Every structure is written in C-alpha cells, then in structure tokens.
Amino acid sequence: MAKLYLKFEDRVIREIALTGGVVTIGRQPDNLLQIDNPAVSGHHAKVYWEGTHYVLEDTESFNGTYANNLRIRRAVLKDGDVVLVGKHTIEFREQGIENAPALNRTVDRSIYLQGHLDKTRPLQLDPTVVLDTRKAKEMLAKAAAAASALNGVGQQTLSPAARSAVANVGIGGRRRIGTLTVINGKTNQQHYVLSSKLSVIGKSEMASIRLKRWFAPRTAASIQQGEDGYFIVGAGKNVKIRVNNAKVTAGRKELKAGDVIEVAGITAVFGYEAPDFDGFSLSEW
C-alpha cells in the first residue's frame, strides 16, 4: 500500500495510507490532509489513483505545488518523490502499489469521507458574520470615542514605522483586523474580513475574494497581513493596481484605512474592524 508522509523540517508529523481514492491537500479543515500554514491554499492539491499509478495535481493554488523541486500542474508520482506544499514536504512511498487497482474497485473510505465533507465545506477559511444591530452601533460609537481619545497621545514623537504599528493595534493591544468593501465591480460578496495572513483576489476557486467578471484573471493580486500592517501585492506584470488613483509600479504597497483600491475591474475600500469590548469583537456577536 502506498503512503504519504507529511513532514516539517524533516520530522514526520502525519502519515496517510493511499487506498485508491482521492486525498485532498490544503489549509481548509475539510481536506483529508490538512496543512495549517498561511502559505498553503484552502484547497491546494490532490493525490489520486489513475490507471496504473498515483497522480499529484495542483488545484490552482496561489503559491504552487512542487515535485522534486519542479513546479507542476500534474505529475505521476514515483517512489521517493518529494512534494513541496508551502513550507511542508510530503514524501511519497510505494508499498505494494500493485494492490491499488483492486482497492479502487472496493468501497473506498477516503472517497466516502471526502463526499461527506464536501457537503459541509465552508465557503471561506475564516467565515465571519458582520452584525448590524443597535448593540453593534453602540459599540461602534464607543470605539470611535476611544479611538479619538487615543489619537495624538505622543504619536507625533514616534517614527513612521512605530506610528504604523500603533495604527494596526486595537484596544487592549489586540491586532486590528483589516476589511475590504467592494464599491464597484462583480465579486462573490461585497464585504470581506481579512483575518487570514494571505487573501487572494482573482477568479480562481481558491481565491478569498472571488472575481465574477467573465475575463477576470485567475489570480490578480493578494492582500498580505504582516506584523506592521496590510500590503497589496500584484500577481504579475499584466495586472494593474491603483491605490488612491496612484499606480502601484513594483513590490508591495502598504494599505491605510480609507485607501481606495482598483484592480482587475473592481474598486474597493480598505478599512479596519472596530475595536472590541469586553473580549468580544463585532464579528463574534
């Protein structure tokens, strides 16, 4: 029976026996081989039996899938192959692989389990409900008052980097969570909470912010959450990005609250969730 060995820094952290079904790999909890790492897409890749061999296939992941140091879309697996997914490696080992066709004709537990999980698959890695009630509005008012009191407390003496760090921390020292609100263009929803380290903008099914325009690029850009704030990064030379009507020419552009972003046919406003009170954020009510 063939097996997959998930490793991190040469240490085996999980072992999966392949029985002829489909093993999905990714950051979402509905994957049979879940890898909880920001560099891994929600549904990153899959391994499945095809005819006489196992096949590794990339499922439009943002950072790509590598087999033996070569980026692949689809590759036949051989004994000893090493797959790179994010910062983790997966080693493929053949052990009685000749039995796989027979196993594939039987009821395969992995197929059954994956089918059950597909029915309950979450739409996003970090689903958040935005509350718009009287209590929420009262909390927003308190947040505005607290933010107003906090402004100007010695910030003029801080360096630009320090001011940026202060601006990205909420009440109680908690990191502020970014948001993106689409004001023009077609996307799968209007408001996004950017709680993941990496939020991809594109038409790909793996994108966090799904573009619905017919000829939209599969991957247009990404919004990355760093220690000192949020940054937008283009996915290629052919993708044009504007922030506050100024073209982003190279590298990444830091985002500030109120920035207007134009990319791949949409216009959106970047902001932050209101600070939380009594240990609860507005998105948790």
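Structure's up top.
None of these values were measured; they are calculated from a predicted model.

A. Highlighting the overall build of the protein chain. Along its length, the protein chain carries 4 helices and 22 strands. Taken across its 285 residues, the protein chain has 40% of its residues classed as buried. Of the contacts formed within the protein chain by residues at least 6 apart in sequence, a portion of 45% connects residues at least 24 apart. Carbon and sulfur atoms make up 52% of the accessible area of the protein chain, which totals about 16,000 Å².

B. Molecular detail of the packing of aromatic side chains. In the structure shown here, the tally under the stated rule is 6 aromatic pairs. Relative to Y54, the ring of W49 lies with its centre 4.9 Å away and its plane at 70 degrees, an arrangement referred to as edge-to-face. The burial state of W49 is the same as that of Y54; both residues are buried. Judged by centre distance (5.5 Å) and plane angle (55 degrees), the ring pair of Y230 and F270 falls under tilted. Of the two residues, Y230 is situated in strand 17 (residues 229-234) and F270 in strand 22 (residues 266-272); the sequence distance between them amounts to 40 residues. Relative accessible area serves as the criterion here: at 2%, Y230 is assigned to the buried category. On the accessibility criterion, F270 (1% relative accessible area) is buried. The ring of W214 carries K203 above its face, with NZ or CZ at 5.1 Å from the centroid. The ring of F231 is capped by R252, whose NZ or CZ atom sits 3.7 Å from the centre of that ring.

C. Seen up close, the side chain of T187. Turning to its location among the elements, T187 is positioned in the loop between strand 12 (178-184) and strand 13 (191-194). We classify T187 as buried; its relative accessible area is 16%. A distance of 2.6 Å separates a polar atom in the side chain of T187 from the backbone oxygen of Q189. Setting aside its immediate chain neighbours within four residues, T187 contacts V182, Y192, I209, R210, L211, K212 and I266.

D. Highlighting unusual backbone geometry. Notably, E60 is not glycine yet its phi reads approximately 60 degrees, a positive angle. Among the structural elements, E60 can be located in the loop between strand 6 (53-58) and strand 7 (65-67). E60 sits in the partly exposed class, given a relative accessible area of 32%. Backbone geometry at N245 places phi at a positive 70 degrees, although glycine is not the residue there. Here N245 is to be found in the loop between strand 18 (241-243) and strand 19 (246-247). Looking at N245, the relative accessible area reads 57%, which means it is exposed.

E. Main features of the side chain of T65. With respect to the helices and strands, T65 occurs in strand 7. A distance of 2.6 Å separates a polar atom in the side chain of T65 from a polar atom in the side chain of D58. Setting aside residues up to four positions removed in sequence, T65 forms contacts with H44, A45, L56, D58, L70, R71, I72, V83, L84 and V85.

F. Seen up close, the pairing of strand 1 (residues 3-8). Across 5 bridges, the pairing between strand 1 and strand 11 (residues 88-93) is antiparallel. Across the sheet, residue K3 finds its bridge partner in strand 11, namely R93. The pairing of strand 1 with strand 2 (residues 11-17) spans 6 bridges and is antiparallel. Bridging from a neighbouring strand, K3 pairs with A17 of strand 2.

Rules used throughout
Residues numbered from 1 in each chain as written. Predicted model: local features only at pLDDT ≥ 70, side-chain atom pairs only at ≥ 80, totals over all residues. Heavy atoms only, no water. Helix = DSSP H or I, 4+ residues; strand = E, 2+ residues; numbered from the N terminus. Buried < 20%, exposed > 50% of the residue type's maximum accessible area, 1.4 Å probe, protein only. Contact = heavy atoms within 4.5 Å. Areas by Shrake-Rupley, 256 points an atom, 1.4 Å probe, with all protein chains shown as cover. Phe/Tyr/Trp six-rings, centres within 6.5 Å; stacked < 30°, edge-to-face > 60°. Lys NZ or Arg CZ within 6 Å of the ring centre and 35° of its normal. Polar contact = N/O pair within 3.5 Å; in protein donor to acceptor, adjacent residues only side chain to side chain. Pairing = 2+ DSSP bridges.

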